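Now for the letters of each chain:
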Amino acid sequence: MSLLSLIFNEGLTSFSSTILSKPLDKRFTALTCHQWVLFGCCNVSHGAVSMALRRRIPIMYLSQKGRYFGRLQVEGDAKVEYLMLQVERCQNPEFTRTQAEVIVTAKIHNSRILLMRLNRRKSPDFDDNLVKEAIKTLDILMDKLPFAESMDALRGYEGKAATVYFQALGTLFSGAFKFEKRTKRPPTDPVNSLLSLGYTLLSQNVFSFIQAVGLHSHFGNLHVPRDNHPALVSDLMEEFRAQLVDSLVAYLINSNIFTADDFTLPDERSGVYLQPHALKKFLKHWEEKLQSELTHPNTGYKVSFRRCLELQVREYVACLTGEVKIYRPMIWKP
């Protein structure tokens, strides 16, 4: 299964079970596409939309800059049993604290592993004192998590870990692009632009799997349930940020896949974004990353990253129903 993406001024039409992408006249079989992502002003025919709805293929709409607008899909297979359990667990402080703690632990652990891996690839004359100090600090913060006095304190440790991590990560990027800190809404440099786009695509993949199994996306643990915020999506994507998005961005930057011409000049809000031709390049590498394989720690099988996302959503269902006591996140090996 692959991702079908359209960039500004492209369109889709359909006949039988085949999709025709214009103006490139590329043909796709509907069964091979798990998701359609539209960037900017794209035209999708009534027949193509009907096909997507019949085959339960979600259509994501993003701005040309990668800002998420919404999605078109059939009504989800929401299960009342799961919804009742989610509401009940959400009101159970012990349950939410336990799951939130393992989620934060996995996020910090995987961030630490990425720093270690990238640091090993640097030349011997690289000054890695800041990176080593960050790795040590992240280890200390993980040890403090069980002793956090409240959920706010737990989130405070997560926030501090993120600051330390991104400061060290910036020193491990080579080439023309500099990265000093994480900036969002808007991303103010090329690296932040790639990170933001990657996180958006990651969240929508997790969202699709959450809906597919019948869960409600708004009842999370680490992230507080509130209107118009899919807290469970935010929870379940945390363990994949470093493994999937950050590692991909590090590869793209350190391999000089992109140049300065691939990004727009800062707009009126200082936002920097990928040019349309470069967006296609990023999506190609993103899809390759999703299809790359690794050993899933809980099953022992070698599966794709995309399959791992689905398995982790199903792992949360098992936790919710009591099949497993504590959610088991994806832990990256050193």
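Scroll up to find the structure this text is about.
S.K.: Sorry, what's going on with the nonpolar core here?
M.R.: One recurring pattern in soluble globular proteins: nonpolar side chains tend to sit buried together. Residues Leu115, Leu202, Leu215, Phe258, Leu274, Phe282 and Trp286 are the most contacted members of the largest nonpolar core, which totals 89 residues. Ranked by residues supplied to this core, first place goes to helix 6 (residues 190–213) with 12 residues. Filtering out sequence-adjacent residues up to four positions away, Phe258 remains in contact with Phe177, Leu194, Leu252, Phe263, Leu274, Ala278, Lys281 and Phe282.

S.K.: It is not clear to me how the environment of Arg56 should be interpreted in this structure. Could you clarify?
M.R.: Relative to the helices and strands, Arg56 is located in the loop between helix 1 (46–54) and strand 7 (59–62). Taking relative accessible area as the criterion, Arg56 reaches 46% and is therefore assigned partly exposed.

S.K.: In this structure, what is going on with helix 2 (residues 80–90)? I would like to understand it.
M.R.: Each α-helix winds once per 3.6 residues, and so residues spaced three or four apart point in a common direction. Those residues of helix 2 lying buried are Tyr82, Leu85, Gln86 and Arg89. The arc that holds the buried residues of helix 2, viewed along the axis, is 105°, so those residues lie on one side. Opposite the buried face of helix 2, at more than 90 degrees from it, the exposed residues are Val80 and Met84.

S.K.: Hey, could you run me through helix 6 in this one?
M.R.: With 24 residues, helix 6 should reach 34 Å at 1.5 Å per residue; the first-to-last C-alpha distance of 35 Å fits that figure. The element helix 6 is largely enclosed, with a buried count of 22 among its 24 residues. The backbone nitrogen of Val191 lies 3.1 Å from a side-chain oxygen of the residue at the head of helix 6, namely Asp189.

S.K.: It is not clear to me how the pairing of strand 8 (residues 68–72) should be interpreted in this structure. Could you clarify?
M.R.: Within a regular strand, side chains alternate between the sheet's two faces. Bridging between strand 7 and strand 8 involves 4 bridges; their strand directions are antiparallel. Residue Ile59 lies in a different strand from strand 8, and its bridge partner there is Leu72. In textbook terms, the turn of a hairpin is the stretch between consecutive antiparallel strands, and for strand 7 and strand 8 this stretch comprises 5 residues, one of which, Gly66, has a positive phi near 95°.

S.K.: Can you help me understand the pattern of salt bridges in this one?
M.R.: Opposite charge on two side chains permits pairing when their charged atoms draw close. Applying the stated criterion across every chain, the model contains 13 salt bridges. A salt bridge links Arg97 to Glu101; its shortest N-O distance comes to 3.4 Å. Taken as a pair, Arg97 and Glu101 lie in helix 3 (residues 93–120) at a separation of 4 residues, close to a single helical turn. Arg314 is the salt-bridge partner of Glu310, the closest N and O atoms lying 3.3 Å from each other. Highlighted residues: Glu310 and Arg314, both in helix 10 (residues 305–321), separated by 4 residues, approximately one helical turn. Of the residues examined, Glu310 reaches a relative accessible area of 18% and is grouped as buried. When its relative accessible area of 43% is taken as the criterion, Arg314 is described as partly exposed. Members of the salt-bridge network, linked through shared partners, are Lys107, Glu158, Glu238 and Arg241.

Reading guide: rules and limits
- Residues numbered from 1 in each chain as written.
- Predicted model: local features only at pLDDT ≥ 70, side-chain atom pairs only at ≥ 80, totals over all residues.
- Heavy atoms only, no water.
- Core = buried A, V, L, I, M, F, W, Y, C linked by side-chain atoms within 4.5 Å.
- Buried < 20%, exposed > 50% of the residue type's maximum accessible area, 1.4 Å probe, protein only.
- Helix = DSSP H or I, 4+ residues; strand = E, 2+ residues; numbered from the N terminus.
- Contact = heavy atoms within 4.5 Å.
- Arc of directions from axis to C-beta.
- Expected span 1.5 Å × (residues − 1).
- Polar contact = N/O pair within 3.5 Å; in protein donor to acceptor, adjacent residues only side chain to side chain.
- Pairing = 2+ DSSP bridges.
- Salt bridge = Lys/Arg side-chain N within 4 Å of Asp/Glu carboxyl O.

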